[in-house]
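Each chain, letter by letter, is given below.
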Amino acid sequence: MVTWVREHLPLTVAALVVAVLLAAFVLIWFQPQKLFIDQRVSEALPEGAVASAADEDMADDDMASEEDMADDDMASEEDMADDDMASEEEADASAQPATLASGEFTGTAHPTSGTASAIRLEDGSRILRFEEFATDNGPDLLVYLTSASPDAGDDAFDQDFVSLGPLKGNLGDQNYELPDDVDLERYATVVIWCRRFTVSFGTASLDAAG
């Protein structure tokens, strides 16, 4: 065997180089090692973004109520108290995060589970939030909002879509900023998309909150 290797040393070296390069290509391009490496994320729901703005609105409402009372002698103190209470309740309600739409993940090419929710925050901005999310890890994974239905298939998911950026982790709670101009009635399907191999890992339908 040793004699044969010596006699065919150039061929042996060339074969070893090809094997190393092939292994490197597989590890870099296909990244099969990611299937065995989980990346966990634990992001909290953003809060308190515009608490001061809400306080200013309440203060403006109170000032307006006092001016109206001074101008209108017919307004009773009881009516003013009722108006102030209603204003405060409306301000508190508008300052709370609100779920606009949500749905459960279903696996496509890989097992996927958890909840996707479109949420309006206190400052009026919106996020897409994943909770108890779990899927397999993989290369070049992105979060898409697509106009295709969840069961349309991979050929349709990347035709009319909005990318929210790379998937932060294959496990755990995470938030993605929703651009102001994204129409959630049109882009109502969430897709975990592997751009490198044009395949989906899982989908969720964003159904409007009742």
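Positions within a chain are numbered from 1, following the residues in the order the chain's sequence is written. Per-residue local features of the predicted model are confined to residues with pLDDT of at least 70, and side-chain atom pairs are confined, for both listing and counting, to 80 or more; whole-chain, interface and lining totals are unaffected and use all residues. Working from all heavy atoms in the structure, the side-chain values ignore hydrogens and water.

### As for the overall build of the protein
Starting at the N terminus, helices and strands are each numbered in turn, a helix being any DSSP run of H or I of at least four residues and a strand any DSSP run of E of at least two. If you tally the helices and strands in the protein, you get 5 helices and 10 strands. Partly exposed describes any residue whose relative accessible area lies between the buried limit of under 20% and the exposed limit of over 50%, with all areas from a 1.4 Å probe on protein chains only and scaled to the type maximum. Out of the 210 residues in the protein, the part that is buried amounts to 32%. Residue contacts are defined here by distance: any two heavy atoms, one from each residue, within 4.5 Å place the two residues in contact. Long-range contacts, defined here as pairs at least 24 residues apart, represent 65% of the contacts in the protein between residues at least 6 apart. Carbon together with sulfur atoms contributes 54% to the accessible area of the protein, which is approximately 12800 Å² in total. In short, Shrake-Rupley with a 1.4 Å probe defines the accessible areas, and a residue's cover is counted only from the protein chains shown.

### Details of the pattern of salt bridges
Salt bridges are defined as contacts in which a side-chain nitrogen from Lys or Arg sits within 4 Å of a carboxyl oxygen from Asp or Glu. Going through the model one piece at a time under the given rule, you end up with 5 salt bridges. The residue Glu131 makes a salt bridge to Arg129 at a minimum N-O spacing of 2.8 Å. A residue is classified by how much of its surface remains accessible, and Glu131, at 36% relative accessible area, is partly exposed. Given the relative accessible area of 6%, Arg129 is considered buried. In this structure, the salt-bridge partner of Asp173 is Arg129, at a minimum N-O distance of 3.7 Å. Remark: Arg129 occurs in strand E4 (residues 126-134) and Asp173 occurs in strand E7 (residues 171-178); sequence separation between them is 44 residues. Through salt bridges that share partners, Arg129, Glu131 and Asp173 make up one connected network.

### Here we look at the side chain of Arg126
Structurally, the position occupied by Arg126 is in strand E4. The side chain of Arg126 sits in the buried core without any salt bridge; Asp180 is the nearest counter-charge, 5.4 Å away. Polar contact is defined as a pair of N or O atoms within 3.5 Å, subject to the rule that within protein one atom must be able to donate a hydrogen and the other to accept it, and that residues adjacent in sequence are counted only when both atoms are side-chain atoms. Among the polar contacts listed, one links the side chain of Arg126 to the backbone oxygen of Pro179, at a separation of 2.8 Å. All tallies of charge rest on Lys and Arg as positive and Asp and Glu as negative; His and the ends of each chain are not included.

### Describing the pairing of E7
Among the 8 residues in E7, 6 count as buried, and that is most of the element. Think of it this way: DSSP has to see at least two bridges between two strands before they count as a pair. Here strand E1 (residues 40-42) pairs with E7 via 3 bridges, running parallel. Residue Ser42 lies in a different strand from E7, and its bridge partner there is Asp173. Alignment of E4 against E7, held across 6 bridges, turns out to be antiparallel. Looking at the pairing, Ile127 lines up with Glu177 of E7.

### Describing unusual backbone geometry
Located in the positive-phi region is Asp140, a residue other than glycine, with phi close to 55°. With respect to the element layout, Asp140 can be found in the loop between E4 and strand E5 (141-146). Using a relative accessible area of 25% as the deciding quantity, one classes Asp140 as partly exposed. Unusually for a residue other than glycine, Thr198 sits at a positive phi of about 45°. Here Thr198 lies in the loop between strand E8 (189-194) and strand E9 (199-205).

### Remarks on the nonpolar core
For this analysis, a nonpolar core means a set of buried residues of the types Ala, Val, Leu, Ile, Met, Phe, Trp, Tyr and Cys, connected via side-chain atoms within 4.5 Å. Counting 24 residues, the largest nonpolar core has Leu128, Phe130, Val143, Leu145 and Val190 as its most contacted members. Counting only elements with at least two residues in this core, the list comes to strand E2 (98-107), strand E3 (113-120), E4, E5, strand E6 (161-166), E7, E8 and E9. Not counting residues within four places of it along the chain, the set of residues in contact with Val143 comprises Leu128, Phe130, Val162, Ser163, Leu164, Gly165, Leu167, Tyr176, Val190, Val191 and Ile192. Counting 6 residues, the second largest nonpolar core, distinct from the first, contains Leu142, Ala148, Val191 and Trp193.

### Things to note about the packing of aromatic side chains
We call Phe, Tyr and Trp rings a pair once their centres come within 6.5 Å, taking the six-membered ring for Trp, and we label the pair stacked below 30 degrees between planes, edge-to-face above 60, and tilted otherwise. According to the stated counting rule, one finds 7 aromatic pairs in the structure shown. One aromatic cluster in this structure is built from Phe105, Phe130, Phe133 and Tyr176.

### A short note on the environment of Phe201
Structurally, the position occupied by Phe201 is in strand E9. Sequence separation of Phe201 and Asp154 is 47 residues, and the distance between their C-alpha atoms is 9.7 Å. If we ignore the near neighbours within four places in the chain, the residues touching Phe201 are Gly107, Thr108, Ala109, His110, Thr112, Thr135, Asp136, Asn137, Gly138, Leu141, Ile192 and Cys194.

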